[in-house]
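The primary structure of each chain is shown beneath.
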Amino acid sequence: MIQKRITTFLLGILLVVAIGTFGYFLIFHGQERWIDCLYMTVISITSVGYGEILDVSSSIAAQIFTMGLITFGMGFILYAISSITAFLIEGELSGVRRRRRMNREINRLTGHIILVGGGETRRPLAHELITCGEQVVVIEQEGEAPAPDSSAHPFLYIEGDPTDDVNLEKAGIGRAKGVVIALPQDKDSLYVTMTARMMNKNLRIVAQVSDPKIAPKFTMAGADSIVSPNTIGALRMASEMVRPAAVDFLDQMLRSEQGPLRIHELPITPDSPMDGRRLSETDLRREHDLLVLGLKDKEAILFNPDADTLLTSGMTLVVMGNIDEIKRLQARVS
């Protein structure tokens, strides 16, 4: 962090001045005033050369000390000044301003999704969430946080230890609606899962698990859903082998020129205008160009529901269509 670096350099300069002042005071056995020792130190390390206020030439020890002070003290100060100048030239101060602006934006968020870690999958995962209309905050280790993104979907991030409760609070976990945990170590993911559940009881938690044998522990810790990359990868490879056309269809859907097409859900609440109506009466296909793929009622899932199906609160429609239209309709029916 640039603030820490600048503070370190300033403290280093003060330390050099203090060493020089105290050194002269000792060499002259405390017979010289502190202000004179300080003045001699400053004009030495800055090479101003106004003249010796202390009689350095009368003491070999003072001469040797002065030469060392000039060599090392002035060298350090020049290095500190050049480094601070480099920070300014390279735009690190603008990074500080960007960090503060980003923190203000995060503090205003509510109902967002927090992505903890992610590694190589972080960027496509965050972009997919943003494409689906979600607000995303990424927490990543210092040095591994995403670089400024010039793409259409820049995302907010917290740079720090993902397992630190403070960083979860900075990301607004108390106001978030969900968290995706994708840390490389299962033990870290398990800890964050438990912590996140304690900090927000209503949070939806999706956790990545490398070892399927410890998946039950994640459920006990509060995870709502568990994803195994190895299992998902295996299923994808099998699908590529036996149903390549279906896989190609889904891939093309993600890159359709008709806009961001996605399979999404429409929950039906008691205040929804769809509550108490039959599926054919909703005109989802004609008015919103949405294709109804399924219907979830509590734990039961009905694929390709009949047009006469009665919709009631608590049900969730699974539809496919333009994500922008789906989000607009969600705002109306939920």
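The rules we used
Residues numbered from 1 in each chain as written. Predicted model: local features only at pLDDT ≥ 70, side-chain atom pairs only at ≥ 80, totals over all residues. Heavy atoms only, no water. Helix = DSSP H or I, 4+ residues; strand = E, 2+ residues; numbered from the N terminus. Buried < 20%, exposed > 50% of the residue type's maximum accessible area, 1.4 Å probe, protein only. Contact = heavy atoms within 4.5 Å. Areas by Shrake-Rupley, 256 points an atom, 1.4 Å probe, with all protein chains shown as cover. Pairing = 2+ DSSP bridges. Axes fitted to C-alpha atoms, helices over the stretch in contact; angles between N-to-C directions. Right-handed = clockwise from strand over helix to strand, strands pointing away. Phe/Tyr/Trp six-rings, centres within 6.5 Å; stacked < 30°, edge-to-face > 60°. Lys NZ or Arg CZ within 6 Å of the ring centre and 35° of its normal.

Peer 1: Is there a simple way to explain the overall build of the protein chain in this structure?
Peer 2: Broken down by element type, the protein chain carries 12 helices and 10 strands. In the protein chain, which comprises 334 residues, the share counted as buried stands at 39%. Taking contacts inside the protein chain between residues at least 6 apart in sequence as the whole, the part at least 24 apart equals 61%. For the protein chain, the accessible surface area stands at approximately 19700 Å², while carbon and sulfur atoms represent 59% of it.

Peer 1: Which parts of the structure should I look at to understand the sheet that holds strand 3 (residues 156-159)?
Peer 2: Spatially, the six strands line up as an open sheet ordered 3-2-1-4-5-6, and their pairing is parallel. The two strands at the open ends of the sheet, each matched to only one other strand, are strand 3 and strand 6 (225-227). Neighbour-to-neighbour, the strand axes of the sheet open up by a mean angle of 15°, direction not taken into account. Bridge count between strand 1 (residues 113-117) and strand 4 (residues 178-182): five bridges; the pairing is parallel.

Peer 1: Can you help me understand the sheet that holds strand 10 (residues 315-322) in this one?
Peer 2: The strands making up a sheet are joined through hydrogen bonds of the backbone, oriented either antiparallel or parallel. Strand order in this open sheet of four strands is 7-10-8-9, and the pairing throughout is antiparallel. One side of each edge strand has no neighbouring strand; the edge strands of this open sheet are strand 7 (261-267) and strand 9 (300-303). Across the sheet, the axes of successive neighbouring strands diverge by a mean angle of 20°, strand direction being ignored. Taken together, the six bridges between strand 8 (residues 291-297) and strand 10 define a ladder with antiparallel strand orientation. Opposite G294, over in strand 10, you have V318 as the bridge partner. Where helix 10 (residues 244-254) meets the sheet, it contacts strand 7 and strand 10, and its direction lies at approximately 85° from that of strand 7.

Peer 1: In this structure, what is going on with unusual backbone geometry? I would like to understand it.
Peer 2: Generally, phi is negative for residues other than glycine and the peptide bonds are trans, each holding for most cases. For H29, which is not a glycine, the phi torsion comes out positive at approximately 60°. A relative accessible area of 67% places H29 in the exposed class. The residue N304 is not glycine, and still its phi comes out positive at about 50°. The topology assignment puts N304 in the loop between strand 9 and strand 10.

Peer 1: I'm lost on the pairing of strand 4 in this one. Help?
Peer 2: For a regular strand, side chains alternate in direction, first toward one face of the sheet and then toward the other. Of all five residues in strand 4, five are buried, a share of seventy percent or more. Taking every second residue as pointing to the same face, both faces of strand 4 are buried, with G178, V180 and A182 on one and V179 and I181 on the other. Note that strand 4 and strand 5 (residues 204-208) share four bridges and pair parallel. From the neighbouring strand, V179 faces strand 5, where its bridge partner is I205. As a crossover connection, the stretch from strand 4 through helix 7 (residues 186-199) into strand 5 is right-handed.

Peer 1: What's the story with the environment of S47 in this structure? I'm lost.
Peer 2: Position of S47 relative to the elements: it lies in the loop between helix 2 (34-45) and helix 3 (60-89). On the basis of relative accessible area, S47 is assigned to the partly exposed category, the value being 44%. Distance in space between the C-alpha atoms of S47 and I70 is 7.5 Å, their sequence separation being 23 residues.

Peer 1: Looking at this structure, I do not really get the packing of aromatic side chains. What am I missing?
Peer 2: Aromatic ring pairs are described here by two measures, namely the spacing of the ring centres and the angle between the planes. Summed over the entire model, instances satisfying the criterion amount to four aromatic pairs. Taking the centre distance of 3.9 Å and the plane angle of 10° together, the rings of F25 and W34 count as stacked. On the basis of relative accessibility, which here comes to 17%, the residue F25 falls in the buried class. Grouping aromatic residues by their ring pairs yields a cluster made of F22, F25 and W34. The ring of Y157 carries R99 above its face, with NZ or CZ at 5.1 Å from the centroid.

Peer 1: Explain helix 5 (residues 122-131) to me, please; I cannot follow it from the model alone.
Peer 2: For the α-helix, the turn length of 3.6 residues means that residues three or four positions removed from each other point alike. Residues R122, A126, H127, L129, I130 and T131 constitute the buried set of helix 5. Residue G133 follows helix 5 closely and has a positive phi angle near 85°.

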